[in-house]
Every structure is written in structure tokens, then in C-alpha cells.
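Close look at the chain arrangement
As a plain string of letters, each chain reads:
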Amino acid sequence: MAEVIRVLLVEDDEDDYFLTADYMSQCDDPKFHITWVTNGKAAIDAFQKRTFDICLLDYILGAENALDVLATFKAAGITVPVVILTGQTDSQVDDMVMRAGAADYLNKSEIESPRFMRTMRYAMVRREIENERIERHKVEQQNKAKDKFLAHLGHELRTPLTSILGYTELLLDDEANEPMNQELSIIHTNGKHLLSLLNDLLDMSRIMANKLELSLREVNLNGFLTDVHSLMNLAAKDKGLSMEVFSQNDIPDFITADPTRLRQVLINLISNAVKFTDTGTIRVSVETLPPRKSDNKELLLFRVTDSGIGMPPNKLDDIFRPFEQIEDVMRANHGGAGLGLAICRELVSKMGGEISVESVFGRGSTFSFTIDPGDISEQHFDVFRLSAPTPDELSNNHLHVTGRVLIVDDLRELRKLTGHMVSQCHATVSYAENGVKALEAVLQAEQAGKPYHLVLMDIHMPVMNGIDALKAMRKHQCNVAVVAITAASRKGLRQSLLDEGFDDVLGKPIDKPALFEILDRYLISTPGMAKPSEDEAPNVNKALEFVPYKTTETESSSPLSDTSDNQTGDSDGKQVLLVEDDHDAAELMKLLLSHLGHRVEVAHNARDAKSLIAIKPFDAALLDLTLPDADGISLASDIRQDHKDLKIYIVSGREPDENDLKDIDVAGTLLKPVNRNDLATLFK
């Protein structure tokens, strides 16, 4: 069927109308449907009543001309392409009408020529291109609006979930409520389920907006799988199921992957297996696939097999689509939003692999997926051993090093915690509470002929920060290895600290395996070696080739030790400013912080927060992102101008943009719902 183009002809000369209409009626492809009006006002009326594809507009219409009519069209928001018909060729007139917004112009004598049809088609093509551009713009605006809505929704849902989960945990911890523990546990379990659904929804939104990025790092595969087994084996046992994790062949010791997202995929698949299985075994296997012929790339293949209800063959293609659920599963009272498997598919794709499923209805299912493990050609391969300890256990049991370590942090609790972990490895520990004392300690140790072999230094400290302290050490020709410790997590921070001259970077809260890896790298491992006295240690700057010496887990009694740790200034906790507009959430967090020994002042808006901080000293401020009179980022920026040493934490129902955090020196972020453990970790 031939295309029909709807044309509005604005022409005050009846003879010209008949001439144009007669020619256009003879066209078979495309066909034209013509509506005739004689002036600009009638044209506006016609546009309001009907839809047109193109407009042919005579240049002279009695007292008005095409320029006047084009201006009227523009004011009325009419975007239909307009071709101007002129009685004579005038380049100046042609230029004016094109500038006024016409799509093209034609001499009336050319109506029966091939140029007329080309002009019409070109105008239509340009119209289609413009429509596509407008539609793309609409979609972009809709996506932005959707992202904004979901961010707001996440915040609004996480805030009440904070109260639900937090108060339920407090009630569960109270022995007086033991008769109601079953009911309270149901509330807590369903609250966590709501949080899981919310996380799935936000993850899917980020995936659809192409904003989900992987954070790749080296992962100990054996330890990683052991941790997954430890986590999910409890859920299986609670349902009376057994769970096996094994390797089909030798697997690499280390892979390059995003452990959080890989764990998310495995836990989702294992959770589904447990959910849909009433009796039997959940089996998780991993194997190294032979190199692909196309690129000689080795992939890892994971399988999660259950003996559950299975799925019909005709439904298998649908389960990886968002919001899809199988009716038989729904009838079996297994809930969910239908997003988990769709998210798994997208995450696996981002990790360079594919996911698939095989299932027999009534007998069980096997989900298989591959990932790109990075370059594993130089890795040692071995079978997976579930009994093997995790990296944390390996470090606790076997890491034995000698060397002097200086721990620099303005928070007494963090100094002590880090010192305890370091002393577990038998190194000698000393302390300093700011950059100035750290510099003095390092210089005195150099002069005494007993230099430090490693300095673990916080970045944000009063008196002198970690970066300035490092620069001062280097000016004095101190070549001790210095590792930065920071609670910040903005993109590019690690590289910027390395560029400043730090030898490595550790994040807060300190991950014990990561710390032990640092100690193993910069100190000398001495398993089973006898340790001579400290006086026998030679004078060297880095732990390269020094003789082992006597170690102690107590603080040094020399001037280098942190004598301030014997004081009780921190024993009563921190003075905390909590800025939260939701009164229930504020009351809960104040209660949790108070139970942890901190003194809390609450402000429900930015104005009150500024008033409080102007008259009272605070050690830390917890700021919500969404306040009735300001946003948390702006408030943090205002506070930072006058309070350089205050530790500022963002606590919100949505993840803040890393770019917004660059200039305000945020010590950390917490995502609602916040529990007591989150807050305890924050102030360690």
C-alpha cells in the first residue's frame, strides 16, 4: 500500500491551488492528501484540528507574508516542516525564509518538475531525523527523571527501614523480650527481605542506565569459595539440606574479578536453590575451561545444582527477563520481584561470561555461568579444598614477621585495634597520634640507629595530616615504607595517594587479610626462626635484609610510644552531631550511638546543625543527604570551611555521587538502613 502524506496547503490564489492539487493527485507513490486554507489564521486552526506531515506555504498571502506566518507557527509550537512556494526566484527572500525556519523553498513553476518531489521527500526525511532527535531527548529526560525518582525512592524507603530493623534488633537483644523473640524475628526477617528487594530494584535501574561498574581486584579463589560456603551453608542447614562446594579440576589460586558482584551472583543462585528445594543437596562446582580457540582465553565455569521443584522447558527462556516469574513457582508460595536472575545475567555479562539453565520439572535445576578470570597463565593451579582456611585464618595462623611498625592515627581506638592486629604477627609496635609526632618518632628512630621498617599512617589527622607528614619524612631522607590508611573511597583516590609517594593504600575499616598482606610484603617473614635481642638488629631503612630481633606485643616505652593512649580522654566516646530530618530514624541512631558510648546532639535541618556546630565542639558529624532546607553535600561543604578537622560522614538512603565528595573531605559513607554494627565500625 502506497504511503499517504498529509499536506496542508496555505495558498490564497485558487488557480495555484488547483494547479498544485492536480499535480499531486496524479502521484501514485507517495499519495498526497491535501487540505487547503488561504491564510495564516486558518492554517493555525487546521493544525489544531488535524495532524499534518508537511506544509506548503505561499510566500505572499494578501496582507501577510510567509515570514509572518512562520513566526506565528513558531509561537504556536508547530514543528511540521514548511516548504515555501514563491512566484519568482529571489536569493535574498530565499535566505530570509530559511533563516525564519522553513525546511526548503520552491518556485511555483517547479511544481510539476522532479525537483518538487525531491524537495518534498527531503523535507520529510529531515522531519523524521528531527523527530528521532526529539524522541531521543525525551527518552534521555525520562531516564534522568527515572534515575532521580529511584534515588529518591531508595532514600525514602531506606529511612523507615532503618527504624524497623534497628528497633527490632534492640528488642531482640533485650532478654525481657524473649517470649516475643519468634514474632520479632519474623519482623526482622521480613524487613531484611524488603531491603533485599529494594537493592535488586536499584541494581536493575543502574544496569538499565548502564551505570553499574565493576571494581576489579585480585581474589584468592579458594578463600572466596570457602567464605561463600560458610555463609550459605547455614541457610541450607536451616532447611535440612546439605551443601557441597568442589572443583571439577584444578583452579587458579588467584583471579582478577569484582568479588562483591561475583559473590552476589553465587549467593543469588544458591539462595534460589535453597528456596526451591525441600530435600536433598545443593551442589556448587567450579572448573577451569580449556582455552577458547578464538582468543586462547581460559574462563572459569560455575555450576549451582539443586534437587528442587525444577521448571518446565517452555519457561526457561523467560526466567532471565526482568519481572518474569513462573506460575508454578508462584503457586508454590515462593515470592520475589523477579529481578534476581535478570541482575545475575547482566552481572555475568559484565564479567565477560554467559549464564544458562538446565532444568527438569519436578527433579531440579542447574544454573551455569562463566566469567573472565583475567590472566591466569602464570597462576598456580590446585583443586579446591573446603577445609582450607580463609586468607584471614591463614594470616592469623601462619604470618610471622619481624620489624618495627609505627601506627599513626588520631583515634585511640583505631591505633589500638591496628596495633593488636600487627602484634599478632609478632612485629614490634609503636604509636603516634598525628603527623608531627610521627615525623619526630621516625627521625628519633633513625638517629638511634633503630629505624622503622613500616609506617601505617592515617591521611586525615589534626596538627599535620598524613600527606604532609610523608613529604616531611622524604625531605629528611627517610626512606621508610609508608602505607596510607583512609576511610575515603572516592574514585581515583588510591592512585592519587600512590602519586603522592605512598608505598601502598589500606582502606578503613582495615581488612585484616589486606593488612597482613602489607606486613608480609614490607617486613621479613620468619616462620619458626629464633629471635635474637632487639639490640642485634642492624641499621637499615626498609625491611630488606635485617636480622630478626626480639618482638613484643606491648607498646614501646621509648619516647616513640604513644603515651597519650594511657589517658582517658577517649574513654567516654565521641561528641557526635547527627543531622537527620526523619525523627524516628534520628531517635534510633541516637539510641544506637548512645549505647556505643557516644554523646549525641540531633539537628533535624541544616540551619539547626550550623547553629549547634557554631557553639559546641564535635568530634564527628553524621549528615543525611536529603534535608528540608539543604542537601547534605552543601551542608558538609559549609561545615568544612570552618571545621577542617571534623570527621564528616554521609548517612543516607542513596549512594552519593563520588564527584560531589571530592572537595569536602568526607571520612566515610553509610547506606541506610544503618545498624549498630555499622555505627560501631564507623567509630573504631
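Structure: above.
Description of the structure in this document. Just so it is clear, the structure is predicted and the values come from calculations on it, not from any experiment.

1. Overview of the sheet that holds strand E9 (residues 242-247)
Taken in spatial order, the five strands of this open sheet run E9-E12-E13-E15-E14, and their pairing is mixed. Both outer strands of the open sheet, E9 and strand E14 (355-360), are each paired with one neighbouring strand and no more. Strand-to-strand twist in this sheet, taken as the mean axis angle between neighbours without regard to direction, amounts to 15°. Pairing of E14 with strand E15 (residues 364-371) involves six bridges; the strand directions are antiparallel. If you follow Val 357 over to E15, its bridge partner there is Phe 367.

2. Here's the deal with the packing of helix H8 (residues 259-275) against helix H10 (residues 340-350)
Close contact between H8 and H10 brings their axes to 10 Å; oriented N to C, the two are set at 145°. The hand of the H8/H10 crossing is left-handed. Taking contact as the criterion, the partners of Arg 261, Gln 264, Val 265, Asn 268, Leu 269 and Asn 272 in H8 are, on H10, Gly 340, Leu 341, Ile 343, Cys 344, Leu 347 and Val 348. Tallied by class, residues from the contact of H8 with H10 come to seven nonpolar, four polar and one charged.

3. A few points about the sheet that holds strand E25 (residues 599-603)
Across the sheet, which stays open at both edges, the five strands sit in the order E25-E24-E26-E27-E28 with parallel pairing between neighbours. Bordering the open sheet on either side are E25 and strand E28 (668-671), each of which pairs with just one other strand. Within the sheet, the average angular offset between the axes of one strand and its neighbour, ignoring direction, is 20°. Against the sheet, helix H18 (residues 606-615) touches strand E24 (575-579) and E25, its axis set at about 140° to E25.

4. Topic: the side chain of Asp 306
Inspection of the secondary structure puts Asp 306 in the loop between strand E13 (300-305) and helix H9 (327-331). One buried charged residue, Asp 306, forms no salt bridge at all, with the nearest opposite charge on Lys 239 at 9.7 Å. At 2.8 Å, the side chain of Asp 306 and the backbone nitrogen of Gly 308 are in polar contact. In this structure, Asp 306 is in contact with Ala 273, Thr 277, Thr 281, Ile 282, Arg 363, Gly 364 and Ser 365, ignoring residues within four places of it in sequence.

5. As for the packing of aromatic side chains
In total, this model carries five aromatic pairs according to the counting rule given. Relative to Phe 18, the ring of Tyr 17 lies with its centre 5.1 Å away and its plane at 50°, an arrangement referred to as tilted. On the numbers, 5.3 Å between centres and 85° between planes, the contact of Phe 47 with Phe 73 is edge-to-face. Of this pair, Phe 47 sits in helix H2 (residues 40-49) while Phe 73 sits in helix H3 (residues 66-75); the two residues are 26 residues apart in sequence, bridging distant segments of the chain. Taking relative accessible area as the criterion, Phe 47 reaches 12% and is therefore assigned buried. Through a chain of ring-to-ring contacts, the aromatic side chains of Tyr 17, Phe 18 and Trp 36 assemble into a single cluster.

Rules of the game
- Residues numbered from 1 in each chain as written.
- Predicted model: local features only at pLDDT ≥ 70, side-chain atom pairs only at ≥ 80, totals over all residues.
- Heavy atoms only, no water.
- Pairing = 2+ DSSP bridges.
- Helix = DSSP H or I, 4+ residues; strand = E, 2+ residues; numbered from the N terminus.
- Axes fitted to C-alpha atoms, helices over the stretch in contact; angles between N-to-C directions.
- Left-handed = near helix turned anticlockwise from the far one by under 90°.
- Contact = heavy atoms within 4.5 Å.
- Nonpolar A, V, L, I, M, F, W, Y, C, P; charged D, E, K, R; others polar.
- Buried < 20%, exposed > 50% of the residue type's maximum accessible area, 1.4 Å probe, protein only.
- Lys, Arg positive; Asp, Glu negative; His and termini not counted.
- Salt bridge = Lys/Arg side-chain N within 4 Å of Asp/Glu carboxyl O.
- Polar contact = N/O pair within 3.5 Å; in protein donor to acceptor, adjacent residues only side chain to side chain.
- Phe/Tyr/Trp six-rings, centres within 6.5 Å; stacked < 30°, edge-to-face > 60°.

Remember that the coordinates give geometry; whether it matters functionally is a separate question.
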